[in-house]
Amino acid sequence: MNRINKPLPFKRKHFILRRWIDRLIVLYCLVVLGSVLTAFTITQFNIIELDYEAMDFQSILTPPLTNGHILGTDYLGRDLFNRLLLGTHAYLLPGLMAVSISILFGALLGSLTLFANKRLRKVITLSTELMQTTPRLVILLLIIAIFEANIYYVMLVIGITNIPTVANLISHRIDILRNKRFIEASIANATPIHILIFKHILWYNCRTILISQAALGMAEAVLMETSLSYLGFGVQEPTPSWGNMVQAGSNYLLQGNLWSSSIPALAIMSVLLAFYLLAEVVVKQLNKRHSL
Amino acid sequence: MTTPLLTVKDLCVRFRQENNSFIPALNHISFQVNNNEVLGIIGESGSGKSITLLSLLGLLQANPGVIKGSITIDTQQNRIDTLEHLDQYVSISHYEKPNESIEKDCTAWNKLQRKRYKDILGKHIAMIFQNSRLAFNPYYSIGKQISESILLHKPGSNKKMAKDLAIRWLKRVKMQAPDIRYNNNPYGLSGGMCQRAMIAMALASEPDLLIADEPTTGLDATIQNDILSLLEEIKNQEKLSMIIVSHDFTIMHRLANRILVYYKGFVVEEGSKNDILAIHSRQHHPYTALLLNAESENMVEKEIETTKTESQKNQLFFSACPYTSRCGFRTVRIQDKCHNHLPPLIQVSDTQKIRCWAFEK
């Protein structure tokens, strides 16, 4: 009796709080990723003329909101806001390319394991382990040394090295699905193999994996691009990238100028966080819809 | 006399064991299903009921699997022998001897089977699974799955037509509020509703033969009753032929016209419903008598003893009756025969056959 009358450990307050946190996360993702996309479209189609090379020698290394510079200027007096908007060019399209390569080929390779080829499974598992144990930055530097410092080469390598990871996840999921009755039932209903793989398995049963991997892959692409640009191997000056903006500003950090390096660094952080949270939110929502 | 819809002749299935010997999963199974007839298959678990269905559906992937026999499906449009040219893929030596060895080119055979069954599954034969909630894809609505099946099997139908037809079929199987249920995922439905949806999905492609693998397991008694009445009604309206596999005599009583009793991969008794389900008749295989008595709960002590299944090694039973070790009414007269010869299916009346030496004339 006492047990029943005891108040529950969770109060209604907590549930409401959690719901609001969820909503805030979604809002955050929408705002950050939406502004990245807007920045990209504005600069791509020249909706507003932005000059990222114009130097304002009257205001060098100024803090935000001075002399008409919203986010201040860097060591050459270039407007940080304009450079921040243009910096989205450095990773958005290349990152999408990397993600689409890894997701597309990873899903195809993973679904080939449905046909019970043990050798293929072994190849996928071994190459995943190989990719996870090799430092990717070293491979990227090697590629840059052999060819040239082009961001598309870098993203191609990132995309290809991510294929085994996605394939491994898909093939593990297929191992679970293989013995499920509904797969057997759809075979007994003469469902063609392409509908079975693409619709039943990849879309309806693996989409959480694919979507979360895409978001995480995008975050990784952003991180790779900015870190390579920081080191000077990615996007080259004067073309802006968030990575080389951080690098340029970091020389003046100890002189008391925080803004020119911390603003692009904060931008990188918030975009990474948005991608990670997006992966979590989408998976959570999809799972919620299918649970009992 | 019209030709039967499905004819199975002398079907033999083997599974491989570790020490390269073979388990006889099915032996010399022969039966036929006529138009608008319901065949019931009954037997304990492990007796080969599901293997029969799988080999009918061409889904038996095991090595060697089907090694002998013929399955003919004879519809109004065409006549298909699904085990044609089987002997070209299988080589058997010392057939039905203890040192039997079988070689089968399984990859080539399975490929051929897949090609053959592409036009049969769903169009001529449809299947109702036991525990139908698991037989639906959990991630999208049952209505979409039914219309997908319709789009697959009815050429020339578009999405709108398929949706209308799916809702009509859901209404037909007495689903309440079919247009709402159309958008429900399988986990949003109760077990009985899922079973109804499964029946709708099987019937939507208008098959000639419906195979039901234990259609009422996992449902409570009232829902079972509803599902059985539904199947009965649909059978009468649609002029369907059905094969029903179950270990429940009430289903057989409600639906079946003819019944096969399986024991360890053999058909031990075959007959019309009235022959098999007559409890007080003396014309029964001892195993059928045991099953019937177990059902009616008036087992005597001696019989209870024989229900204990002994952990017997699977072996090739071709030199003895498979039921000898459990048989209750061996007499001195036939005991020698039981241990040394496999009894044939002996015709005891016009409709009934029993695989027991006691009925030999």
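Residues numbered from 1 in each chain as written. Chains lettered and ligands numbered in written order. Predicted model: local features only at pLDDT ≥ 70, side-chain atom pairs only at ≥ 80, totals over all residues.

Check the secondary structure of chain A and you find 11 helices and zero strands. In terms of its C-alpha atoms, chain A occupies a principal-axis envelope of roughly 75 × 65 × 35 Å. Looking at chain A as a whole, 35% of its 292 residues qualify as buried. A fraction of 70% describes how many contacts in chain A between residues 6 or more apart in sequence connect residues 24 or more apart. (Helix = DSSP H or I, 4+ residues; strand = E, 2+ residues; numbered from the N terminus. Buried ≥ 20, exposed ≤ 12 C-beta atoms within 10 Å, placed from the backbone. Contact = placed C-beta atoms within 7 Å.)

Looking now at the domain arrangement of chain B. Its domain assignment divides chain B into domain 1 (6–123 + 253–359) and domain 2 (132–206). Between domain 1 of chain B and domain 2 of chain B, the C-alpha centre-to-centre distance is 34 Å. (Domains from an automatic or database assignment.)

Residues and elements named next belong to chain B. Strand order in the open sheet formed by eight strands is β8-β9-β10-β3-β11-β12-β14-β13, and the pairing between neighbours is mixed. For this open sheet the edge positions go to β8 (125–128) and β13 (346–347), each flanked by a neighbour on one side alone. Each of β3 (38–43), β8, β9 (209–213), β10 (241–246) and β11 (258–263) is contacted by helix α1 (residues 49–57), which is oriented at about 145° to β9, the strand it contacts most. Here helix α6 (residues 191–204) sits on the sheet in contact with β8 and β9, set at roughly 175° to β8. (Pairing = 2+ DSSP bridges. Axes fitted to C-alpha atoms, helices over the stretch in contact; angles between N-to-C directions.)

Residue and element names in this part refer to chain B. Contact geometry for helix α3 (residues 142–153) and α6: axes closest at 8 Å, N-to-C directions at 15°. Here α6 runs roughly parallel to α3, going by the angle between their axes. In the crossing of α3 with α6, the sense of the turn from one axis to the other is right-handed. In this structure, α3 uses Ile 142, Gln 145, Ile 146, Ser 149 and Ile 150 to contact α6, whose residues at the interface are Ala 197, Ala 200, Met 201 and Ala 204. Here the residues of the contact of α3 with α6 sort into seven nonpolar, two polar and no charged. (Parallel < 35°, antiparallel > 145°, perpendicular 65-115°, else oblique. Left-handed = near helix turned anticlockwise from the far one by under 90°. Nonpolar A, V, L, I, M, F, W, Y, C, P; charged D, E, K, R; others polar.)

So, about the sheet that holds strand β5 (residues 79–81) of chain B. Residue and element names in this part refer to chain B. Strand order across the open sheet formed by four strands is β2-β1-β4-β5, with antiparallel pairing between neighbours. Looking at which strands have only one partner, the edges of the open sheet turn out to be β2 (22–33) and β5. Averaged over all neighbouring strand pairs, the angle between strand axes comes to 10°, with direction disregarded. Of the pairings in the sheet, the one linking strand β1 (residues 6–16) to β2 comprises eight bridges and is antiparallel in character. Among the inter-strand pairings, Arg 16 is bridged to a residue of β2, identified as Phe 22. Lying on the sheet, α1 is in contact with β1, β2 and β4 (64–74); it crosses β2 at an angle near 70°.

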